[in-house]
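An overview of the molecular structure
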Amino acid sequence: MIPNLKVIFLFLWLLQCGGGNVDVRQEPPIQVALLKEGITIPCKVIFPYMPKYTKFSISYYRINALDQKTSIHSFSENAPIPPGAENTTATLSYDYTVAPLENTSSTGTYYCKVKWSDIQKMGRGVFVLVRDTGYINTSYGWKILVTLTVLLAVLSIAATALLLWKRKVLCPRRSQPNILRQKVETQLPSASPPPPPVYDSLDVQQVDVYSSLENNTNNPPHGKNLPGKTPKKQETLEESSDTLYENI
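For the structure given in this document, a descriptive report is provided here. Only a predicted model underlies this, so the values are computations on that prediction, with no experimental measurement involved.

About the criteria used
Residues numbered from 1 in each chain as written. Predicted model: local features only at pLDDT ≥ 70, side-chain atom pairs only at ≥ 80, totals over all residues. Heavy atoms only, no water. Helix = DSSP H or I, 4+ residues; strand = E, 2+ residues; numbered from the N terminus. Contact = heavy atoms within 4.5 Å. Areas by Shrake-Rupley, 256 points an atom, 1.4 Å probe, with all protein chains shown as cover. Core = buried A, V, L, I, M, F, W, Y, C linked by side-chain atoms within 4.5 Å. Buried < 20%, exposed > 50% of the residue type's maximum accessible area, 1.4 Å probe, protein only. Salt bridge = Lys/Arg side-chain N within 4 Å of Asp/Glu carboxyl O. Phe/Tyr/Trp six-rings, centres within 6.5 Å; stacked < 30°, edge-to-face > 60°. Pairing = 2+ DSSP bridges. Axes fitted to C-alpha atoms, helices over the stretch in contact; angles between N-to-C directions.

1. Focus on the overall build of the protein
- Helix and strand counts for the protein come out as four helices and eleven strands.
- Nonlocal contacts in the protein, meaning residues at least 24 apart in sequence, comprise 69% of its contacts between residues at least 6 apart.
- Element-wise, carbon and sulfur atoms account for 60% of the exposed surface of the protein, whose accessible area totals about 19300 Å².

2. Some details on the nonpolar core
- One finds V45, F47, F56, I58, V114 and W116 to be the most contacted residues of the largest nonpolar core, which totals 27 residues.
- Taken together, the elements giving at least two residues each to this core come down to β3 (39–41), β4 (44–48), β5 (55–63), β9 (108–115) and β11 (126–131).
- In this structure, W116 is in contact with V22, V45, I46, F47, K52, Y53, K55, F56 and K121, ignoring residues within four places of it in sequence.

3. Remarks on the pattern of salt bridges
- In the structure shown here, the tally under the stated rule is two salt bridges.
- We note a salt bridge from D23 to R25, for which the minimum N-O separation is 3.7 Å.
- For K52, the salt bridge goes to D118, with nearest N and O atoms at 3.0 Å. Of this pair, K52 sits in the loop between β4 and β5 while D118 sits in the loop between β9 and β10 (120–122), and the two are 66 residues apart along the sequence.
- Residue class for K52 comes out partly exposed when judged on its relative accessible area of 34%.
- When its relative accessible area of 49% is taken as the criterion, D118 is described as partly exposed.

4. Observations regarding the environment of P29
- If you trace the backbone, P29 turns up in the loop between β1 (23–25) and β2 (30–34).
- Judged by relative accessible area, P29 falls into the exposed class, the value being 54%.
- In this structure, the C-alpha to C-alpha distance between P29 and Y110, residues 81 residues apart in sequence, is 9.7 Å.
- Sequence-distant contacts of P29, defined by excluding residues within four places in its chain, comprise G125, V126 and F127.

5. A short note on the side chain of T109
- Mapped onto the elements of the fold, T109 is located in strand β9.
- Residue T109 is classed as buried on the basis of its relative accessible area of 18%.
- The residues touching T109, leaving out its near neighbours within four places in the chain, are Y61, R62, I63, G125, V126 and F127.

6. Side note on the packing of aromatic side chains
- Inspection of the entire model under this criterion finds nine aromatic pairs.
- Consider the rings of F56 and W116, whose centres lie 5.7 Å apart with planes at 55°: the pair is tilted. One end of the pair, F56, is in strand β5; the other, W116, is in the loop between β9 and β10, with 60 residues separating them in the sequence.
- Of the residues examined, W116 reaches a relative accessible area of 4% and is grouped as buried.

7. Some details on unusual backbone geometry
- Here the residue pair E27 and P28 is connected by a cis peptide bond, since its omega of 0° sits within 30 degrees of zero.
- Tracing the backbone shows P28 in the loop between β1 and β2.
- The phi dihedral of K36 falls on the positive side, at around 70°, and the residue is not glycine.
- Along the chain, K36 falls in the loop between β2 and β3.
- For K36, a relative accessible area of 58% puts it in the exposed group.
- Positive phi outside glycine occurs at D67, with the angle close to 60°.

8. Description of the sheet that holds β4
- Spatial ordering of the open sheet is given by β1-β4-β7, a layout of three strands whose pairing is antiparallel. This sheet does not close on itself; its edge strands, each paired only once, are β1 and β7 (89–93). Averaged over all neighbouring strand pairs, the angle between strand axes comes to 20°, with direction disregarded.
- Summarising the sheet, β1 and β4 pair through three bridges and their orientation is antiparallel.

Shown next, in the form of structure tokens:
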């Protein structure tokens with residue numbers, strides 16, 4: 001009987017303490033903010049509806065990159081217990097909005113800490129990145145895109161036309177020597193046969209001389225020529241002799 005009473009008293013004592021049911025949560029863990037804009041520090045407090053845990057204090061602070069702590073705000077809270085909700089677990093939001101940020105030094109981790117009479121809990125923190133400017137929605141962005149597209153198309157057409165023009169100009173210059181060479185080859189006369197050898201002309205002349213001498217011996221002159229005139233055969237013989245000597 002006595003051990004059973006001890007278990008009952010221990011259970012009642014745990015219900016009175018309820019320390020294991022309190023917690024502080026901060027979500028989301030990362031935020032991005034702009035200058036001249038405010039940020040909201042999330043803070044959810046989880047506690048049982050008991051007179052001991054309905055009274056607590058909340059404080060907000062920031063820790064920067066140099067591990068310097070800056071207090072932001074703090075207040076006390078006394079949450080009322082709804083009818084019939086005794087000994088149940090409550091989850092209440094105590095978000096806090098920071099005034100518009102003046103400079104980027106406001107970047108850091110923002111914490112929410114809750115303190116009861118005998119216990120305190122702190123959230124994991126929310127990292128807030130403060131930027132000078134964000135995304136600027138410009139209405140002329142599509143105009144720039146269209147302009148660049150048209151410019152690239154014009155450059156492509158111009159490059160193609162220049163390439164064709166160069167090919168048209170350079171190709172006739174390269175083929176012109178071949179055309180001239182073909183014209184010269186067609187205009188050259190056919191090769192004339194080589195002149196006869198010197199010995200062949202000598203043989204022909206010798207034959208003429210011998211034939212002339214033979215004719216003279218067979219046909220002797222019948223009369224004397226007129227003074228101052230030479231017979232035609234004698235002139236022919238002399239011309240043949242002169243030609244023979246010249247060939248030799």
